[in-house]
Amino acid sequence: SAVISQKPSRDICQRGTSLTIQCQVDSQVTMMFWYRQQPGQSLTLIATANQGSEATYESGFVIDKFPISRPNLTFSTLTVSNMSPEDSSIYLCSVPGVGNYGYTFGSGTRLTVV
Amino acid sequence: ELKVEQNPLFLSMQEGKNYTIYCNYSTTSDRLYWYRQDPGKSLESLFVLLSNGAVKQEGRLMASLDTKARLSTLHITAAVHDLSATYFCAVVMGYALNFGKGTSLLVTP
C-alpha cells in the first residue's frame, strides 16, 4: 500500500491567516482525498483532487476557503484560508487502496486557530 | 445521500468480554472498510471487506459483511485494554470513503 508523508503535523495559527498542508505520496495515484475531522467527530470529506483538473468539493466546502492544488500524481496541497477558530480540526489526506488494501491516510495535521 | 450508521457510539467493556459493533449503510455497496484510530493519531486500516459474506479475522477482531442487509459487524473476542480506541466503518461512494460516526471503545480491567 502507498505511504503518505503529510506536513505540518500540527500548527497554531492566528485567525484571519492561511495555512497550507502538504501531502506527498510514494507512488503515483490518480485521486487524492482531503478530509476534516473536527474534535471528537468523524471524518468529513472536503474534496477530491485529481491531477490536471479542478478539485471536486463536497457540499458545505468551497474553493475560496479550501483551495487545493494537485500539480502531479504524487503531491497535493490543501490551504485553509482566512481561518477562524471553527476551522480548528485535524485535516487528513488519503489515497485509495488497491485490492485488499484499505485506503491510506496521512498522519494528519492538527490545526488550532486562536 | 449515503448514510453510514454505527452503534453503539460509546462502549465500555470489561477485559475478557465479547461484544459486537454494528455498521449499517443506506445504499448498495460491496466494499466496506474498518479503521482504528488512537487518540491524536491517524487512521489504521483493519479490514477490507470486498464481497457479500466476506469474513476476516485478525487477533481478537473479526469483521463480516452482509451486502443484502447492508450490514457489517466488528466482533471483539475476549477484549484486552490494548483494544481501547475509536473504530470507524466506511463505505465507498463515488471513489471516496464515507465514514460512520465511530465507536469509542474503552476496555477496563
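Procedures and definitions
Residue positions are given per chain, counting from 1 as you read along its sequence in written order. By the order in which they are written, chains take letters starting at A while ligands take numbers starting at 1. For a predicted model such as this one, the threshold for reporting local features is a pLDDT of at least 70, and the threshold for listing and counting side-chain atom pairs is 80 or more; totals across whole chains, interfaces and linings nevertheless cover every residue. Each side-chain value is derived from all of the structure's non-hydrogen atoms; neither hydrogens nor water enter the calculation. A carboxyl oxygen of Asp or Glu within 4 Å of a side-chain nitrogen of Lys or Arg is what we treat as a salt bridge. For the purposes of this entry, the term helix denotes a DSSP run of H or I that reaches at least four residues, the term strand denotes a run of E that reaches at least two, and both are numbered from the N terminus. Think of it in three bands: with a 1.4 Å probe and only protein chains considered, a residue is buried below 20% of the maximum accessible area for its type, exposed above 50%, and partly exposed in between. Any two strands with at least two DSSP-identified bridges between them are counted as paired. Note on geometry: axes are lines fitted to C-alpha atoms, helical ones only across the stretch in contact, with angles between N-to-C directions running from 0 to 180 degrees. Buried residues of nine kinds, namely Ala, Val, Leu, Ile, Met, Phe, Trp, Tyr and Cys, make up a nonpolar core once their side-chain atoms join them within 4.5 Å. In what follows, residue pairs with any heavy atoms lying within 4.5 Å of each other are defined as contacts. Here the aromatic set is Phe, Tyr and Trp, taking the six-membered ring for Trp, and pairing holds for ring centres within 6.5 Å; pairs whose planes are under 30 degrees apart are stacked, those over 60 apart are edge-to-face, and all others are tilted.

**Student:** Kindly report on the pattern of salt bridges, identifying the contributing residues and their values.
**Tutor:** Tallied over the full model, the rule gives 2 salt bridges over all chains. One salt bridge connects Lys-65 of chain A with Asp-87 of chain A, and the closest N-O pair in it is separated by 2.6 Å. Of the two residues, Lys-65 of chain A is situated in the loop between strand 6 (56–57) and strand 7 (68–72) and Asp-87 of chain A in the loop between strand 8 (75–80) and strand 9 (89–95); the sequence distance between them amounts to 22 residues. Its relative accessible area of 5% is what places Asp-87 of chain A among the buried residues. With its nearest N and O atoms 2.9 Å apart, the salt bridge here joins Arg-36 of chain B to Asp-38 of chain B.

**Student:** So what's going on with the sheet that holds strand 8 of chain A? Which residues, and what values?
**Tutor:** Residues and elements named next belong to chain A. A sheet is described by the order of its strands in space; here 4 strands give the open sequence 1-3-8-7, paired in antiparallel fashion. Edge strands, defined here as strands with exactly one partner in the open sheet, are strand 1 (4–7) and strand 7. When the angles between neighbouring strand axes are averaged without regard to direction, this sheet yields 15°. Direction of pairing for strand 3 (residues 19–25) relative to strand 8: antiparallel, over a ladder of 6 bridges. Of the residues in strand 8, the one forming a bridge with Leu-19 is Val-80.

**Student:** I'd like a rundown of the nonpolar core, residues and numbers included.
**Tutor:** Nonpolar side chains tend toward joint burial in soluble globular proteins. Trp-34, Ile-46, Phe-66, Ile-68, Leu-78, Tyr-91 and Leu-111 of chain A are the most contacted members of the largest nonpolar core, which totals 26 residues. Ranked by residue count, the leading element in this core is strand 3 of chain A, at 4 residues. When neighbours within four sequence positions are excluded, Leu-78 of chain A is seen to be in contact with Leu-19, Thr-20, Ile-21, Trp-34, Ile-46, Phe-66, Pro-67, Ile-68 and Tyr-91 of chain A. Trp-34, Phe-47, Ala-54 and Ala-79 of chain B belong to the second largest nonpolar core, which has 25 residues in total.

**Student:** Go over the side chain of Gln-37 of chain A with me, naming the residues and quoting the values.
**Tutor:** Along the chain, Gln-37 of chain A falls in strand 4 (residues 31–37). In contact with Gln-37 of chain A, not counting residues within four places along its chain, are Ser-42, Leu-43, Ser-89, Ile-90 and Leu-92 of chain A together with Gln-37 and Phe-88 of chain B.

**Student:** I'd like a rundown of the environment of Gln-38 of chain A, residues and numbers included.
**Tutor:** Along the chain, Gln-38 of chain A falls in the loop between strand 4 and strand 5 (43–50). Gln-38 of chain A gets classed as partly exposed once you look at its relative accessible area, which sits at 32%.

**Student:** I'd like a rundown of the environment of Asp-11 of chain A, residues and numbers included.
**Tutor:** All names here are of chain A. Structurally, the position occupied by Asp-11 is in strand 2 (residues 10–13). On the basis of relative accessible area, Asp-11 is assigned to the partly exposed category, the value being 29%. C-alpha of Asp-11 to C-alpha of Thr-79: the two residues are 68 residues apart in sequence and 13 Å apart in space. Sequence-distant contacts of Asp-11, defined by excluding residues within four places in its chain, comprise Leu-19, Arg-110, Leu-111 and Thr-112.

**Student:** Can you explain the packing of aromatic side chains? Please cite residues and give values.
**Tutor:** Summed over the entire model, instances satisfying the criterion amount to 10 aromatic pairs over all chains. A ring pair is formed by Tyr-35 of chain A and Phe-105 of chain A, whose centres lie 5.7 Å apart and whose planes are at 50°; its orientation type is tilted. Residue Tyr-35 of chain A is located in strand 4, and its partner Phe-105 of chain A is located in strand 10 (residues 104–105); the two are separated by 70 residues in the primary sequence. Taking 6.0 Å as the distance between ring centres and 65° as the angle between the ring planes, the aromatic pair formed by Phe-105 of chain A and Phe-99 of chain B counts as edge-to-face. Placement of the pair is Phe-105 of chain A in strand 10 and Phe-99 of chain B in strand 10 (residues 96–99), with the two residues belonging to separate chains. This pair shows no difference in class: Phe-105 of chain A is buried, exactly as Phe-99 of chain B is. Put simply, the rings of Tyr-35 and Phe-105 of chain A together with Tyr-35, Phe-88 and Phe-99 of chain B pair up and form one aromatic cluster.

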